[in-house]
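Examination of the molecular architecture
This is what each chain is made of:
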Amino acid sequence: MNASKDKVIEKNKRYVCPDKIRIFNQIGIDLVIGKREGPYIYDLDGKKLIDVHINGGTYNLGHRHPEILEALKEGLEMSVDIGNHHFPSPLRGEVAEMLVTLSPGEMKYCVFASGGSEAVDIAIKSARHATRRKKIISIDNGYHGRTGLSGAVGNAKSAAFFLSDSPDCSVTVPFNDISAMKNALAEKDIAAVILETIPATLGFPLPESGYLAEVKSICEQSGSLFIADEVQTGLSRSGKIWAIEHFGVAPDIIVTAKGLSGGMYPMAAAILNEKAGSWLLEDGFAHVSTFGGSEIGCHVAKKVLEIVSRQETLDHVNNISKYLAASLQTLREKHSHLVEVRQCGLIAGLKFEGEIGAVMMSKALYDNGVWAMFSGYDLSVLQFKPYLFTDKALVDELMEKLEKSIVQCAS
Ligand SMILES: Cc1ncc(COP(=O)(O)O)c(C=O)c1O
């Protein structure tokens with residue numbers, strides 16, 4: 001490690017987040033990202049890594065995608081800035097129209113936010129206003145962010161850490177358990193069910209056949225709304241714009257963030273149908289966000305949406321996903337240490353032997369030139385998310401490095 005890297009780590013340990021640095025240090029990961037380009041990130045000391053963590057989908061298009069850089073530069077030259085959220089804006093209107101049009105069901109409105117957690121808060125508030133009910137159901141160990149309401153749902157320990165746990169938000173049920181969901185909705189007092197289509201922090205368990213459609217149908221019978229958190233699974237990673245489209249469900253609300261930024265300018269949104277968006281007709285000041293829907297960010301997001309909705313992008317994702325699936329299958333047949341492959345498009349969770357199997361794999365892959373992160377709520381599952389423009393050569397290189405790391409970990 002060179003001296004300047006030491007200094008960066010020291011300063012961050014002192015002023016930013018000592019505990020995170022301690023934990024990564026314990027695992028043996030001392031990454032300080034320097035240069036970045038396409039699927040690659042480079043440690044400050046020069047080490048090149050293939051990024052398959054992509055910050056949860058933020059770098060869906062890769063790092064510093066040339067069209068995104070161009071859009072950002074263009075935005076700056078158009079003499080726009082963040083704008084003033086109180087007034088109409090051509091860019092905000094265009095991006096909202098694109099998001100509404102690209103969504104399944106009968107979406108009507110788009111409320112912008114500067115991050116995924118804020119957008120989840122908007123989703124929950126919208127559902128509460130529409131139903132005049134307070135309770136929200138989520139899954140055990142779900143993850144929807146860290147602000148007030150988003151941090152109160154899902155994983156109970158995280159909610160309790162900042163005293164955000166409350167009887168209205170702490171109703172959780174196991175994923176894929178339809179009878180638990182039925183029971184939780186039986187009293188008809190639930191504002192909304194919030195679900196990630198394929199829960200990332202839980203290790204991308206795939207929804208069982210019919211599960212999501214059944215949840216939606218119970219919601220309809222109970223007068224509750226269905227919120228699809230597509231922060232990690234949306235924007236064409238799954239081979240469709242929204243992963244929920246694979247399961248034939250038209251949600252009442254879709255939340256999008258991370259990748260909508262193009263990895264260059266923060267941008268997030270809650271897309272609402274008529275019922276969920278009723279408050280927008282009653283009190284437009286009920287929720288406002290200074291940075292939500294910033295005009296410069298909208299210029300970038302417009303390009304992101306244009307790229308991810310191109311037929312050639314979707315075709316590529318679907319083709320390369322098949323190649324990835326076959327390659328992972330071969331690896332699994334060869335190595336029992338890789339216990340299970342969960343995959344939908346370019347979203348994959350790789351389950352390894354042992355309770356902290358994925359933590360060990362993160363470290364081994366790091367040493368072998370890949371940055372892939374373990375799932376926070378299931379340390380046996382590695383999140384494996386190659387960027388959208390992954391080609392066969394990159395898949396082959398990834399498989400080679402995965403195999404080397406598996407052999408090292410298994411021994
Ligand atoms: C599924 C999901 N929802 C919401 C969020 C919150 O997004 P943000 O970190 O932008 O607030 C995240 C972030 O990791 C996420 O993975």
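Attention in this report is confined to the structure presented alongside it. What you see is a predicted model, and the numbers here were worked out from it, not measured in a lab. (Residues numbered from 1 in each chain as written. Predicted model: local features only at pLDDT ≥ 70, side-chain atom pairs only at ≥ 80, totals over all residues. Heavy atoms only, no water.)

Around the ligand sit Gly 115, Gly 116, Ser 117, Tyr 143, His 144, Gly 145, Glu 196, Asp 229, Val 231, Gln 232 and Lys 258, and those are all the residues in its vicinity. Within the backbone of Gly 116, an N or O atom sits 2.8 Å from an oxygen atom of the ligand. In the model, an oxygen atom of the ligand is placed 3.0 Å from a nitrogen or oxygen of the Gln 232 side chain. Within the complex, 81% of the 390 Å² of free accessible area of the ligand lies under protein. Residue composition of the shell around the ligand, by class: two nonpolar, six polar and three charged. (Near = heavy atom within 4 Å. Polar contact = N/O pair within 3.5 Å; in protein donor to acceptor, adjacent residues only side chain to side chain. Areas by Shrake-Rupley, 256 points an atom, 1.4 Å probe, with all protein chains shown as cover. Nonpolar A, V, L, I, M, F, W, Y, C, P; charged D, E, K, R; others polar.)

In this model helix H9 (residues 211-222) runs 16 Å from its N-terminal to its C-terminal C-alpha over twelve residues, within 8% of the 16 Å that 1.5 Å per residue would give. Those residues of H9 that fall on the buried side of the exposure criterion are Tyr 211, Leu 212, Val 215, Lys 216, Ile 218, Cys 219 and Ser 222. Viewed end-on, H9 has its buried residues packed into an arc of 160 degrees, placing them on one side of the element. Those residues of H9 that are exposed and aimed more than 90 degrees away from the buried face are Glu 220 and Gln 221. Where H9 is buried, its residues meet helix H8 (178-185), strand E7 (190-196) and strand E8 (225-229). (Helix = DSSP H or I, 4+ residues; strand = E, 2+ residues; numbered from the N terminus. Expected span 1.5 Å × (residues − 1). Buried < 20%, exposed > 50% of the residue type's maximum accessible area, 1.4 Å probe, protein only. Arc of directions from axis to C-beta. Contact = heavy atoms within 4.5 Å.)

Looking at the secondary structure, you find Ser 375 in strand E14 (residues 373-375). Given the relative accessible area of 0%, Ser 375 is considered buried. Apart from residues lying up to four places away in sequence, Ser 375 is in contact with Ala 200, Thr 201, Leu 202, Gly 203, Val 381 and Gln 383.

Here the focus is the packing of aromatic side chains. To describe a pair of aromatic rings, one takes the distance between the centres and the angle between the planes. Following the criterion strictly, the structure yields four aromatic pairs and no others. Relative to Phe 162, the ring of Phe 161 has its centre 4.9 Å away and its plane inclined at 85 degrees; by these criteria the two rings are edge-to-face. With respect to burial, Phe 161 and Phe 162 carry one shared label: exposed. Where Tyr 387 meets Phe 389, the ring centres are 6.0 Å apart and the plane angle is 85 degrees; that geometry is what we call edge-to-face. The ring of Tyr 40 carries Lys 48 above its face, with NZ or CZ at 4.1 Å from the centroid. Just above the ring of Tyr 323 sits the side chain of Lys 392; from NZ or CZ to the centre is 5.1 Å. (Phe/Tyr/Trp six-rings, centres within 6.5 Å; stacked < 30°, edge-to-face > 60°. Lys NZ or Arg CZ within 6 Å of the ring centre and 35° of its normal.)

Our focus in this paragraph is the packing of H8 against H9. Contact geometry for H8 and H9: axes closest at 10 Å, N-to-C directions at 15 degrees. By the angle class used here, H8 and H9 are roughly parallel. The handedness of the crossing between H8 and H9 is right-handed. On H9, the residues touching Ile 178, Met 181, Lys 182 and Leu 185 of H8 are Tyr 211, Glu 214, Val 215, Ile 218, Cys 219 and Ser 222. Considered class by class, the residues forming the contact of H8 with H9 number seven nonpolar, one polar and two charged. (Axes fitted to C-alpha atoms, helices over the stretch in contact; angles between N-to-C directions. Parallel < 35°, antiparallel > 145°, perpendicular 65-115°, else oblique. Left-handed = near helix turned anticlockwise from the far one by under 90°.)

The strand order across the open sheet built from four strands is E11-E12-E15-E14, with neighbouring strands paired in antiparallel fashion. The open sheet terminates on both sides in strands that have one partner only, identified here as strand E11 (338-344) and E14. Each neighbouring strand pair of the sheet contributes to a mean axis angle of 35 degrees, computed without reference to strand direction. Where strand E12 (residues 347-352) meets strand E15 (residues 378-384), four bridges bridge the pair, whose relative direction is antiparallel. In the strand pairing of E15, Leu 350 is matched with Leu 382. Contacting E11, E12 and E15, helix H12 (residues 311-334) runs over the sheet at an angle of about 170 degrees to E11. (Pairing = 2+ DSSP bridges.)

Time to look at the packing of H12 against helix H14 (residues 392-410). Taken N-terminus to C-terminus, the directions of H12 and H14 make an angle of 20 degrees; their axes are 10 Å apart at the nearest point. With respect to H14, the element H12 is oriented roughly parallel. Considering only the axes of H12 and H14, their crossing is right-handed. Contact residues: Ile 320, Tyr 323, Leu 324, Ser 327, Leu 328, Leu 331 and Lys 334 in H12; Lys 392, Val 395, Asp 396, Met 399, Leu 402, Glu 403 and Ile 406 in H14. Class assignment of the residues belonging to the contact of H12 with H14 gives a composition of nine nonpolar, one polar and four charged.

Time to look at the sheet that holds strand E4 (residues 107-113). Overall, mixed pairing links the seven strands, which are arranged E4-E10-E9-E8-E7-E5-E6 in an open sheet. Lying at the two open borders of the sheet, with one neighbouring strand each, are E4 and strand E6 (171-173). Between one strand and the next, the sheet's axes are offset by a mean angle of 20 degrees, whatever the strand orientation. Note: E8 against strand E9 (residues 253-256), three bridges, orientation parallel. Residue pairing across strands places Ala 228 opposite Ile 254, the latter belonging to E9.

Nothing here speaks to function; it is geometry throughout.
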